[in-house]
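Each chain, letter by letter, is given below.
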Amino acid sequence: RLVHVRGFPLKDLDGRILRWCVLLTDIDDRKRAESQLAGEKRLLEMVASGSALTDVLTELCKFVENTAADCKCGIYLIDWRGSSFHLGAAPSLPATFNDPVEGLTVTSDAGPCGAAALTKSQVIVTDIESDPRFQSATIRPLLLEHGLRSHWSTPIYSRDGQVLGTFAIFQETPSSPTQLQQDLIAQVTHIASIAIERTLSEQALKRSEGELKLTIDTMPALAWSASADGKAEFFNQHYIDYVGLSAEEMNDWGWISAVHRDDREDLTHTWQRIMASATRGEAEARLRR
């Protein structure tokens, strides 16, 4: 354990040192707490800055491995549409272990991770070789082949209680988690849930935006949108095809070049009046193909 050492000289009346008194203070818990706080801050900054999910999860695993020592970590995401596991990150485990795990069905046959996901509770296997619950599990021979004996799996929950994946810790000797390791598990599963949910939200938004754009592009009308100051920022594909200009050429006020020269002044005036009144409005103008 880490200790802080402080020495105090004991002097006589003439200022000569008679002896030293030394005080040792245990600072191990404080140092670990500081390290965990710094690690958590770094990980949350990665999430906030939009780092790739794989990078965040890899850093999570390394953080636990460096803090707890003598363990290997893996994060396994779950696709409930196919009820299968997919590798999120396992930086210290070889491909010979990770590749067979990819695509495993989420059942108790998948071992502790499958059981943890289905029961929504932490599963601690002190020794996979002797644990009667997983003697026929697909993962058991794979673990033993790679010299891994203990396997602990903890569900990663979304805010609404759905299991997004599992966080696993492996050790080469039979063992149970210490309080330090349990604290780390709680810490990283929480951060992992934030990172995974953010990524899923971004993916859903992109799908939604893509579907909306497809709808707008295929509607049989010319459509565009502008920012609050009236500068054009989006044109649907039908509009672009009709006028024969690129979106970049029409951006801002470039769209006015497709309007008949004799109609530009009236249309611009009407458009500015509509913006100033902040109400709906109409205008007519000739548009060049």
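Everything below is about the structure shown above.
Presented here is an overview of the structure given in this document. For clarity, every value in this text was computed on a predicted model and none was experimentally measured. (Residues numbered from 1 in each chain as written. Predicted model: local features only at pLDDT ≥ 70, side-chain atom pairs only at ≥ 80, totals over all residues. Heavy atoms only, no water.)

Considering the environment of D183
Along the chain, D183 turns up in helix α6 (residues 179–218). Under the relative-accessibility criterion, D183 is labelled partly exposed at 40%. Through-space distance from the C-alpha of D183 to that of T138 is 29 Å; in sequence the pair is 45 residues apart. For D183, the side chain forms a polar contact with the side chain of Q179, separated by 2.9 Å. (Helix = DSSP H or I, 4+ residues; strand = E, 2+ residues; numbered from the N terminus. Buried < 20%, exposed > 50% of the residue type's maximum accessible area, 1.4 Å probe, protein only. Polar contact = N/O pair within 3.5 Å; in protein donor to acceptor, adjacent residues only side chain to side chain.)

Structural notes on the pairing of strand β9 (residues 232–235)
When strand β8 (residues 224–226) meets β9, the two strands line up antiparallel, connected through three bridges. Within the sheet, the bridge partner assigned to W224 lies in β9 and is F235. Taken together, β8 and the strand that follows it, β9, pair antiparallel across an intervening segment of five residues, in which G230 is found at a positive phi of about 90 degrees. (Pairing = 2+ DSSP bridges.)

Some words on the side chain of E197
Its location among the elements puts E197 in helix α6. Filtering out sequence-adjacent residues up to four positions away, E197 remains in contact with S158, R159 and L164. (Contact = heavy atoms within 4.5 Å.)

Quick look at the side chain of Q181
Position of Q181 among the secondary structure elements: in helix α6. Overall, Q181 belongs to the buried group, its relative accessible area being 7%.

Re the pattern of salt bridges
Taken as a whole and judged by the stated rule, the model has 17 salt bridges. Between E197 and R159 there is a salt bridge, with its nearest N and O atoms 3.3 Å apart. Placement of E197 in helix α6 and of R159 in the loop between β6 (150–157) and β7 (163–171) is noted, with a sequence separation of 38 residues between them. Looking at E197, the relative accessible area reads 19%, which means it is buried. Residue E202 is joined to R198 by a salt bridge in which the shortest nitrogen-to-oxygen separation is 3.2 Å. Pair noted here: E202 and R198 are both in helix α6, with a separation of four residues, about one helical turn. Looking at E202, the relative accessible area reads 38%, which means it is partly exposed. Overall, R198 belongs to the partly exposed group, its relative accessible area being 35%. In this structure, a network of salt bridges that share partners links the residues R1, D26, D28, D29 and R32. (Salt bridge = Lys/Arg side-chain N within 4 Å of Asp/Glu carboxyl O.)

A few points about the environment of A68
Here A68 is to be found in helix α2 (residues 53–68). Spatially, the C-alpha atoms of A68 and L180 are 7.4 Å apart, while their sequence positions differ by 112 residues. Setting aside its immediate chain neighbours within four residues, A68 contacts Q181 and L184.

Overview of the packing of helix α1 (residues 28–48) against α2
Helices that pack against each other are described as a pair by the angle of their axes relative to one another and the distance between those axes. Running from N to C, α1 and α2 point in directions that differ by 175 degrees, and their axes come no closer than 10 Å. One way to sum up the angle between α1 and α2 is to call them roughly antiparallel. Along its contact with α1, which presents R32, S35, Q36, G39, E40, R42, L43, M46 and V47, the element α2 presents D55, V56, E59, L60, F63 and T67. Here the residues of the contact of α1 with α2 sort into six nonpolar, four polar and five charged. (Axes fitted to C-alpha atoms, helices over the stretch in contact; angles between N-to-C directions. Parallel < 35°, antiparallel > 145°, perpendicular 65-115°, else oblique. Nonpolar A, V, L, I, M, F, W, Y, C, P; charged D, E, K, R; others polar.)

Things to note about α2
Its 16 residues place the ends of α2 23 Å apart at the C-alpha level, agreeing with the 22 Å of an ideal helix rising 1.5 Å per residue. Buried residues of α2: L53, V56, L57, T58, L60, C61, F63, V64, E65, T67 and A68, and no others. Packing partners of the buried residues in α2 comprise α1, β3 (72–79), β4 (84–89), β7 and α6. Backbone geometry just after α2 places A69 at a positive phi near 65 degrees. (Expected span 1.5 Å × (residues − 1).)

Concerning the environment of A110
Positionally, A110 belongs in the loop between α3 (95–101) and α4 (112–119). Setting aside chain neighbours within four positions, we find A110 in contact with F85, L104, T105 and I139.

Concerning the packing of aromatic side chains
Scanning all chains against the criterion turns up six aromatic pairs. Centroid distance W224 to W255: 5.1 Å. Interplanar angle 35 degrees. Geometry classified as tilted. Highlighted residues: W224 in strand β8 and W255 in the loop between α8 (247–250) and α9 (264–277), separated in sequence by 31 residues. (Phe/Tyr/Trp six-rings, centres within 6.5 Å; stacked < 30°, edge-to-face > 60°.)

Function cannot be read off these values alone, since they describe shape.
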